[in-house]
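Here's the letter readout for the chains.
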Amino acid sequence: MALYIGVMSGTSLDGMDIALIEMGVSITLLATHYTPMPESLRTELLGLCATGPDEVARCAIAENHWVELAAQGINTLLSQQQLPPEAIRAIGSHGQTIRHEPARGFTVQIGNPALLAELTNICVVGDFRRRDVAAGGQGAPLVPAFHEALFTDDCGYRAVLNVGGFSNLSLISPGAPVAGFDCGPGNVLLDAWIQQQRGDLYDRNGQWAASGQVEPLLLNTLLNDPFFQTQGPKSTGREVFNLQWLNHHLRNLPDFPAENVQATLLELTAQTIVQSLQIAQPQTDELLVCGGGAHNAALMARLTQLLAQTKVDSTQAKGVDPDWVEAMAFAWLAHCCLEAIPTNRPSVTGARGLRVLGAIYPA
């Protein structure tokens, strides 16, 4: 038995998810803590996702602020659980992705694991993606191996869908290695549009999208993006899908009501997920959804409608809170790194072979 902590802040940049797990015969979630992202840090991290002035210094400063926030959350969780640092074998820290361009041979997650080890006095495992990229892979998604470990049973054909800023699928089928890939935008465009139009951080339960009508002309234009014409292994990020990408397409089209644009963006997310799943694993019996998208009632309803022959549910149906699956995954990835267990999957990322992922920073 060993305890691990996982830290995850995704592309939505709303905050940090921190999960405490126990590794034994099974993977058990023991406790969680959520730390909201200060608006100033969120703004700076978003700014670093694109080229700008004095990037190196700005990146270093933002990285340290990110680590200080993570350490604060970890120490709070330990205090709440009355655990000393030495009770934790390791922290698995994803860091914050600011650039992801595997086609050009790089992916960048900032998170200064050395400083995090110093501030928590706990061993930190970080930098999970770059070894896979070095081996010719996409470096993403990394969660399919964890989904396979957590959700494989006599389940027939199962898929696990994570909907954060972007959506990715893990495909679990009898007698075959797990497969998976990024489908495209999850919440990233929905969040960006509602922030621009209404000043809200996100569309709660998809209510604003549900109030609009899908615009077929806009939907077809967006679906023509080259990313959607390719099959996995593939991954994507803000470098491809962002507010500028959306506004570029809107400039060449009639003026649509803002709520109709939101409805169309939700349909884009739903259709790209469903089309990806039906091509890669058409016989899927069950789709388990995790991430923030699991709480978007409009999106869940649309997925259920489009996948009439597949049972659609959140991972809660299997006893795993959908909000904490990714943080749990990075705690598990830390365990695997310390045990020298490979956790990339060439069937997912396209890497030349299995690799042990992560770099270790002792306490």
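The structure under discussion appears in the preceding block.
If you're wondering where the values come from, they're calculated on a predicted model, not measured in any experiment.

Draft legend 1. Summary view of the packing of helix α8 (residues 216-223) against helix α9 (residues 243-251). Following both chains from N to C, one finds α8 and α9 inclined at 125°, their axes separated by 11 Å at the closest point. Relative to α9, the element α8 is oriented oblique. Classified by chirality, the crossing of α9 by α8 is right-handed. Here Leu218, Thr221 and Leu222 of α8 come into contact with α9, specifically with Trp245, Leu246, His249 and Leu250.

Draft legend 2. Up close: the side chain of His94. Looking at the element boundaries, His94 is found in the loop between β4 (88-93) and β5 (96-101). A distance of 3.0 Å separates polar atoms of two side chains, one belonging to His94 and the other to Arg129. Those residues in contact with His94 that lie beyond four places of it in its chain are Val7, Met8, Ser9, Gln109, Arg129 and Phe330.

Draft legend 3. Spatial organisation of the pattern of salt bridges. Taken as a whole, this structure holds nine salt bridges when the rule is applied. The salt bridge partner of Arg99 is Glu55, with a shortest N-O separation of 2.5 Å. Highlighted residues: Arg99 in strand β5 and Glu55 in helix α2 (residues 55-80), separated in sequence by 44 residues. By relative accessible area, Arg99 is classed as buried at 17%. With a relative accessible area of 26%, Glu55 lands in the partly exposed category. Where Asp127 meets Arg130, a salt bridge forms, and the shortest distance between an N and an O atom there is 3.0 Å. The exposure class of Asp127 is partly exposed, given its relative accessible area of 28%. Look at the salt bridges and you will find they share partners, linking Arg158, Glu286 and Lys318 into a network.

Scoring rules and cut-offs
- Along each chain, residue indices are assigned from 1 in the same order as the chain's sequence is written.
- Where local features are concerned, this predicted model is filtered to residues with pLDDT of at least 70; where side-chain atom pairs are given and counted, the filter is 80 or more; whole-chain, interface and lining totals use all residues.
- Hydrogens and water molecules were not included; the side-chain quantities draw on all heavy atoms of the structure.
- Helix axes are fitted only over the stretch in contact, all axes being lines through C-alpha atoms; the angle between N-to-C directions runs from 0 to 180 degrees.
- Helix and strand assignments follow DSSP, with helices taken as H or I runs no shorter than four residues and strands as E runs no shorter than two, numbered in order from the N terminus.
- Here the word oblique covers every angle except those under 35 degrees (roughly parallel), over 145 (roughly antiparallel) and from 65 to 115 (roughly perpendicular).
- Take the far helix as your reference; a near helix turned counterclockwise from it by less than a right angle gives a left-handed crossing, and one turned clockwise gives a right-handed crossing.
- Contacts: residue pairs with any heavy atoms within 4.5 Å of one another.
- In protein, a polar contact requires one atom able to donate a hydrogen and another able to accept it; more generally it is a pair of N or O atoms within 3.5 Å, and residues adjacent in sequence count only if both atoms are side-chain atoms.
- Any Lys or Arg side-chain nitrogen found within 4 Å of a carboxyl oxygen on Asp or Glu counts as a salt bridge.
- Type-normalised accessible area, obtained with a 1.4 Å probe on protein chains alone, sets the label of each residue: buried when under 20%, exposed when over 50%, and partly exposed for intermediate values.

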